[in-house]
Amino acid sequence: MTGETDLKKLLATMTPELLAGTYVFATLAPGVAQPESLEPVMIFREREGVTLIVTEDAASAAGLTASFRCRMVTLNIHSSLEAVGFLAAITTRLAAAGMGVNPVSAFYHDHLFVPADRAEEALELLRQLAKDNAG
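Student: Would you explain the overall build of the protein chain in this entry?
Tutor: The secondary structure content of the protein chain amounts to 4 helices and 7 strands. What you see in the protein chain, going N to C, is helices and strands ordered as α-β-β-β-β-α-β-α-β-β-α. Taken over C-alpha atoms, the radius of gyration comes to 16 Å for the protein chain, in line with the 14 Å a tight globule of 135 residues would show. Counting only C-alpha atoms, the protein chain reaches 50 × 35 × 20 Å along its principal axes. The 135 residues of the protein chain split such that 39% are buried. When contacts within the protein chain are restricted to residue pairs at least 6 apart in sequence, long-range pairs at least 24 apart make up 73% of them.

Here you go:
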């Protein structure tokens with residue numbers, strides 16, 4: 001399964017879903033072990049340390065310093081990892097509304113981490129983007 005590559009089809013048929021919970025970004029310095037009880041939704045290793053996306057409650061319970069309170073929006077369409085312009089179109093639409101977003105691409109779907117206090121607005125903007133590309 002390689003996923004969809006047609007930009008118009010991706011935009012028109014994506015179904016954005018706002019997931020429950022509030023997430024945060026946290027980091028661990030090189031050599032610092034991840035708390036065993038922590039189940040991040042994303043782990044990314046960089047030279048400067050390990051970035052974790054975890055629920056706000058989990059970060060607090062683990063004593064992690066965190067930033068960017070956000071909500072997770074999953075774009076329910078199997079987008080190809082080689083699709084061109086999909087996230088660019090989405091982030092451009094959110095940027096036009098003055099909204100920052102941290103996108104994460106996984107094998108099956110793209111996920112957007114949007115400011116927690118603007119999550120419903122982001123969802124509506126994405127639904128409108130899909131309508132604008134339908135037909």
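Student: Just checking my understanding: could you explain the nonpolar core for this structure?
Tutor: Considering soluble globular proteins, one finds that nonpolar side chains tend to be buried as a cluster. In this structure, Met14, Ile90, Leu112 and Val114 are the most contacted members of the largest nonpolar core, which totals 20 residues. Counting only elements with at least two residues in this core, the list comes to helix H1 (7-13), strand E5 (66-75), helix H3 (86-96), strand E7 (110-115) and helix H4 (119-133). Sorting elements by how many residues they give to this core places H4 first, with 6 residues. Of all hydrophobic cores here, the second largest spans 9 residues; its members include Leu28, Val50, Ala59 and Leu64.

Student: Which parts of the structure should I look at to understand H4?
Tutor: The periodicity of an α-helix, 3.6 residues per turn, causes residues three or four places apart in sequence to face the same way. Here H4 contains 15 residues, and its C-alpha end-to-end distance of 21 Å stays within 8% of the 21 Å for a straight helix at 1.5 Å per residue. Residues of H4 that are buried: Ala119, Ala122, Leu123, Leu126, Leu129, Ala130 and Asn133. Down the axis of H4, the smallest arc covering the buried residues is 120°, so these residues share one side. The exposed residues of H4 that point more than 90 degrees off its buried face are Glu120 and Lys131. Gly135 sits one or two residues past H4 and shows a positive phi near 85°.

Student: Looking at this structure, I do not really get H3. What am I missing?
Tutor: Of all the residues in H3, the buried ones are Phe86, Ile90 and Leu94. Projected down its long axis, H3 shows its buried positions confined to an angular sector of 50°, all on one face. Exposed side of H3, more than 90 degrees from the buried face: Thr92 and Ala96 are the residues found there. Check the buried side of H3 and you find it contacts H1, E5, E7 and H4. With its phi angle positive at about 75°, Gly98 sits one or two positions after the end of H3.

Cut-offs used in this document
- Residues numbered from 1 in each chain as written.
- Predicted model: local features only at pLDDT ≥ 70, side-chain atom pairs only at ≥ 80, totals over all residues.
- Heavy atoms only, no water.
- Helix = DSSP H or I, 4+ residues; strand = E, 2+ residues; numbered from the N terminus.
- Rg over C-alpha atoms; globule rule 2.2 N^0.38 Å.
- Buried < 20%, exposed > 50% of the residue type's maximum accessible area, 1.4 Å probe, protein only.
- Contact = heavy atoms within 4.5 Å.
- Core = buried A, V, L, I, M, F, W, Y, C linked by side-chain atoms within 4.5 Å.
- Expected span 1.5 Å × (residues − 1).
- Arc of directions from axis to C-beta.

So far we have only geometry, and geometry alone does not tell us how the molecule works.
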